[in-house]
Amino acid sequence: MNPYFTLKMALPLLQQILVFTGPTHQEFGYAVQQATNHEGKWLLVGAPWSGYSQNRKGDVYKCPISGSRNTCDKLNIQDSVHLPGVSEISDNMNVGLTLTRIPAVNGYMTCGPLWAQRCGDQDFYPGICTKMSPLFQPQPAFSPAVQKCGAPMDIVIVLDGSNSIYPWEPMNEFVKKLITSLDIGWDKTRVSVLQYSVGVQVEFQLHDYTDKDQVFTAASGITQMYGHSTNTFNALQHACMFLFTEAYGGRSRAPNVMVVVTDGESHDNSIRDTAINICEKNKVTRFGIAVLGYYNRNNIDTQNLIAEIKSIASSPTEKFFFNVSEEAALSNIAGTLGTRIFNIEGTGKGGENFKMEMSQVGFSAHYSSQQDMMMMGAVGAYGWSGTVVHQSGTKVDILPSSAFETTLQDRNHSSLLGYSVSTLSDGYTEYYVAGAPRSNHSGQVIVYTMNAQKLVHVVDSERGKQIGSYFGSVLCPLDVDKDGVTDVLLVGAPMFMSELKKEQGAVYIFSVTKGILNEHGLLIGPDPTENARFGMAISAVPDLDLDGYSDVVVGAPLEDNKGGVLYIFNGNKKTINKQFSQVNLKCTLKFCFTGAFRPKTPVGPLGEL
């Protein structure tokens, strides 16, 4: 296979073709936009796997249309896409997957929807975008769904150092692994360690260290204190009375969390209620861990030990109590414990509270000139139900799951709403439209408006007719007669199967009346014997046949033995002719795939324009 991908652009007035070539393994050509500035005319070309195979950070190239040069320059945008103060993971962020024009400022926007941030030991994927100036200089990056890693927490780890703990090394490893899973920092999580047997020994206090490396090093040096007694409740009482106070580095607004690890029943059970009451009074959330190694080695019944540690743990015990069969197994629960600490209500992002953590904002994007607003698809939001983000200037509106849940009826949380986004207009009102290609497995398109109070009103929705067809993955609104009113919405279902079980693909035609969609059949495309994926890319183009009406180009990237075929359909009054007027059998695979075609835009495959 040719390792380079070529972009071909026809210049009819010059009767020539410009060819720009880039590396296929970078997905060069996945997205394309034309650009003009005082330096000339350009193609902006997305390469979302730029950096492969070391990484997939992605990037954008600029290719000069003016002049004789046919080489492209990488903008190195990946080096500028980051957020200060965030523990970010950019290795596979896929910058260049989305490229959008912002006509109001003659600028552009590109996104890396797989940009991730780390909170403790959890990785989230909120996505990141950056705008570019007319000269393609990247502006400060932004992430509308960036997460605030859990609120500040004060954590005291209480370790049993009595003689029965053997060997000691697993206790050290447990503490170090737990520390690794926490989001430690002066304004984040602070950690203290107390060891006990007969008495107590504070290894370090909450204010002794300011970052994770320092805490890790200190914990690595803890040695076993030994002692013939296990005075667990004396240790609890001491920790809850003193170690969370300001004198020891505690913060009044930070939740107090205690982790107690012991391998035996206490010798001071008589003060249990007093110690627990002090902890409750000081609002200390307690995790209890019973290490059963000594009991198992000596065939001692563990029932009383487990009952005692459960009495230490906060309620419900299934969330706050652990037991392990031996010391060596402690490290196996450290990650789970860290996650549960992170997910304590009011401190972290967890479980049923997940909203935008995996949202991948910027998977799709569309600029509304009428509202001077950017729409961004967030396919991973709300457990992959998806949503749409509206951004005007610095103001961001993340549409809530409740806005679409009745319409989607998404029982399996997999609609991927926001896979595609666009707008429709009746000349006065602008309607927003978003595709959800996995809604109830057959796909769906939703048309909605939003009032001044930011309340969403669903105007209409249409569902696909075949499971797995990916109906709604591609949207193309068309003003056929150029009067400022959207006449037609074309909806791609590129995985549509023919009766011969081939991925023929389909493009549905909908007329638009004040946001209401009315189906008018399908465009006539490939033969049903073809695996074509017709409709993977759809774009409005200028009046190609000079009859005064806008036309449409549809790609079928797998047709002609995966060489790709380009279909042209002509506009007619206020609709589009179902029969194609021209077929380009040499569309060279990937314009057809990318959907990068825009008015007077290049045609070409990945790696070739």
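None of the values given here were measured: they were computed from a predicted structure.

Take empty space enclosed by the protein next. Considering all chains together, one arrives at two cavities of 30 Å³ or more under this definition. Taken as a whole, the largest cavity spans an internal volume of roughly 50 Å³. Around the largest cavity, the lining residues are Ile184, Gly185, Trp186, Thr189, Arg190, Val191, Gln205, Leu206, Asp208, Tyr209, Thr210 and Val215. A per-element tally of the lining of the largest cavity places strand β14 (residues 189-196) first, with three residues. Across the lining of the largest cavity, the residue classes break down as six nonpolar, four polar and two charged. The space that makes up the second largest cavity amounts to roughly 30 Å³. Met153, Ser181, Leu182, Asp183, Thr189, Gly338, Ile341 and Phe342 together form the lining of the second largest cavity. The element that contributes the greatest number of residues to the lining of the second largest cavity is helix α8 (residues 330-342), accounting for three residues. Broken down by class, the residue content of the lining of the second largest cavity amounts to four nonpolar, three polar and one charged.

Moving on, we come to the environment of Ala328. Within the fold, Ala328 resides in the loop between β18 (321-324) and α8. Along the sequence, Ala328 and Glu530 sit 202 residues apart, while their C-alpha atoms lie 59 Å from each other.

Once that is clear, we can look at the sheet that holds strand β23 (residues 420-425). Here four strands make up an open sheet; going across it, the order is β23-β24-β25-β26 and the pairing antiparallel. Each end of this open sheet is capped by a strand with a single partner; those strands are β23 and β26 (456-463). Neighbour to neighbour, the strand axes of the sheet diverge by 25° on average, direction disregarded. One ladder, built from seven bridges, connects strand β25 (residues 444-450) with β26; its direction is antiparallel. Considered in β26, the bridge of Tyr448 is made with Val458.

The next point concerns the sheet that holds strand β21 (residues 387-392). If you trace the four strands from one edge of the open sheet to the other, you get β19-β20-β21-β22, paired in antiparallel fashion. At either margin of the open sheet sits one strand with a lone partner, and together these are β19 (361-368) and β22 (395-398). Geometrically, the sheet is characterised by an average inter-axis angle of 20° between neighbouring strands, direction not taken into account.

Core analysis: the largest hydrophobic core is formed by 62 residues, its most contacted members being Phe174, Met258 and Ile341. Leave out the neighbours within four places in its chain, and Phe174 touches Val259, Val261, Ile289, Leu330, Ile333, Ala334 and Leu337.

Right, let's talk about helix α1 (residues 169-181) for a bit. The end-to-end C-alpha distance of α1 is 19 Å, a good match for the 18 Å that 13 residues give at a rise of 1.5 Å each. Taken as a whole, α1 has its buried residues at Pro170, Met171, Asn172, Phe174, Val175, Lys176, Leu178, Ile179 and Ser181. The secondary structure elements touched by the buried residues of α1 are β13 (153-160), α2 (212-220), β16 (256-262), β17 (284-291) and α8.

A word on the state of the cysteines. Scanning the entire structure with this criterion turns up three disulfides. Disulfide pairing places Cys111 opposite Cys129 at an S-S distance of 2.1 Å. On the sign convention where negative is left-handed, the bridge of Cys111 and Cys129, at about 100° about the S-S bond, is right-handed. Separated by 18 residues along the polypeptide, Cys111 in strand β9 (residues 107-112) and Cys129 in strand β12 (residues 128-132) bring together distant segments of the chain. With a relative accessible area of 1%, Cys129 lands in the buried category.

Note on aromatic pairs: each is described by the distance of the centres and the angle between the planes. Tallied over the entire structure, the rule returns 19 aromatic pairs. Ring plane angle 55° and centroid distance 5.9 Å describe the contact between Tyr108 and Phe136, whose orientation is recorded as tilted. Here Phe136 lies in the loop between β12 and β13 and Tyr108 lies in strand β9, a separation of 28 residues in the sequence. Residues Tyr108 and Phe136 agree in their burial class; the two are buried.

Moving on, we get to the packing of α1 against α8. Where α1 contacts α8, the two axes come as close as 8 Å, and the packing angle between them is 30°. With respect to α8, the axis of α1 lies roughly parallel. As α1 packs across α8, the resulting crossing turns out to be right-handed. Judged by residue contacts, Pro170, Met171, Phe174, Lys177, Leu178 and Ser181 of α1 engage Leu330, Ser331, Ile333, Ala334, Leu337, Gly338 and Ile341 from α8. For the contact of α1 with α8, a count of residues per class yields nine nonpolar, three polar and one charged.

Below, the discussion takes up the UniProt feature "repeat: FG-GAP" (unreviewed entry) in the protein. The UniProt entry lists residues 15-72, 403-455, 457-519 and 520-578 under the feature "repeat: FG-GAP" (unreviewed entry), expressed in the numbering used here. Helix makes up 8% of residues 403-455 and strand 38%, whereas the separation of the span's terminal C-alpha atoms amounts to 8 Å.

It is worth spelling out the side chain of Gln195 at this point. Topologically, Gln195 is positioned in strand β14. Classification of Gln195 as buried rests on a relative accessible area of 0%. A polar contact of 3.0 Å, which involves the side chain of Gln195, links it to the backbone oxygen of Thr223. What Gln195 contacts, discounting residues up to four positions off in sequence, is Leu159, Gly161, Trp168, Val200, Gln201, Glu203, Ile222, Thr223, Gln224 and Met225.

The next point concerns the domain arrangement of the protein. What the domain assignment reports for the protein is domain 1 (153-347) and domain 2 (466-589). Centre-to-centre, using C-alpha coordinates, domain 1 lies 63 Å away from domain 2.

So, on to the pairing of strand β3 (residues 31-37). A large share of β3 lies buried, amounting to five of its seven residues. Sheet topology places β3 next to strand β4 (residues 40-47); seven bridges connect them, and they run antiparallel. Residue pairing in the sheet places Val32 in a bridge with Val45 of β4. In textbook terms, the turn of a hairpin is the stretch between consecutive antiparallel strands, and for β3 and β4 this stretch comprises two residues.

The peptide bond linking Tyr52 to Ser53 adopts the cis configuration, its omega dihedral lying at 15°. Residue Pro167 follows Tyr166 across a cis peptide bond; omega there is -10°. Of note in this structure, Asn299 is not a glycine but carries a positive phi near 55°. Its place among the elements puts Asn299 in the loop between α5 (293-297) and α6 (303-312). Note on Asn299: relative accessible area 74%, which makes it exposed. Phi at Lys562 takes a positive value of approximately 70°, unusual for a residue other than glycine. Turning to its location among the elements, Lys562 is positioned in helix α11 (residues 559-562). Judged by relative accessible area, which is 58%, Lys562 ranks as exposed.

About the cut-offs
- Residue positions within a chain follow its written sequence, with the count starting from 1.
- Where totals are concerned, whole chains, interfaces and linings use all residues; where local detail is concerned, this predicted model gives features only for residues with pLDDT of at least 70, and gives and counts side-chain atom pairs only at 80 or more.
- Water and hydrogen atoms play no part in the side-chain values, which are based on all heavy atoms of the structure.
- Cavities and pockets were defined on a 1 Å grid built from protein atoms only: a cavity is a group of points that admits a 1.4 Å probe but offers it no way out, a pocket is an open group of points flanked by protein on both sides within 12 Å along at least five of seven lines, and a lining residue is one with an atom within 4 Å of any such point.
- Grid points are joined across faces, edges and corners, and a volume is the space filled by probe spheres set on the points.
- The helix count covers DSSP runs of H or I at least four residues long, the strand count covers runs of E at least two residues long, and both are numbered beginning at the N terminus.
- Residue polarity is assigned by list, with Asp, Glu, Lys and Arg as charged and Ala, Val, Leu, Ile, Met, Phe, Trp, Tyr, Cys and Pro as nonpolar; anything else, Gly included, falls into the polar class.
- Pairing between strands is defined by DSSP: at least two bridges between them are needed.
- In this analysis an axis means a line fitted to C-alpha atoms, helices contributing only their contacting stretch, and an angle means the value between N-to-C directions, from 0 to 180 degrees.
- Residue types Ala, Val, Leu, Ile, Met, Phe, Trp, Tyr and Cys, when buried and joined through side-chain atoms within 4.5 Å, form a set referred to as a nonpolar core.
- Here the term buried applies to any residue with accessible area under 20% of the maximum for its type, exposed to any over 50%, and partly exposed to those in between, with areas from a 1.4 Å probe on protein chains only.
- Residue contacts are counted whenever heavy atoms from the two residues lie within 4.5 Å of one another.
- Helix span, as expected, comes to 1.5 Å for every residue beyond the first.
- Count a disulfide wherever a pair of cysteine sulfur atoms falls within 2.5 Å.
- Put simply, two rings from Phe, Tyr or Trp (the six-membered ring, in Trp's case) pair if the centres are within 6.5 Å, and we call them stacked under 30 degrees between planes, edge-to-face over 60, tilted for the rest.
- Working definition: roughly parallel below 35 degrees, roughly antiparallel above 145 degrees, roughly perpendicular at 65 to 115 degrees, and oblique for all remaining angles.
- Two helices that cross are described as forming a left-handed crossing if the nearer one is turned anticlockwise from the farther one by less than a right angle, and a right-handed crossing if clockwise.
- UniProt positions are given in the numbering used here, feature names are shortened, and annotations may be inferred rather than shown by experiment.
- Whenever two N or O atoms come within 3.5 Å, that pair is a polar contact, provided that in protein one can donate a hydrogen and the other can accept it, and provided that, for residues adjacent in sequence, both atoms are side-chain atoms.
- The domain limits used here are those given by an automatic or database domain assignment.

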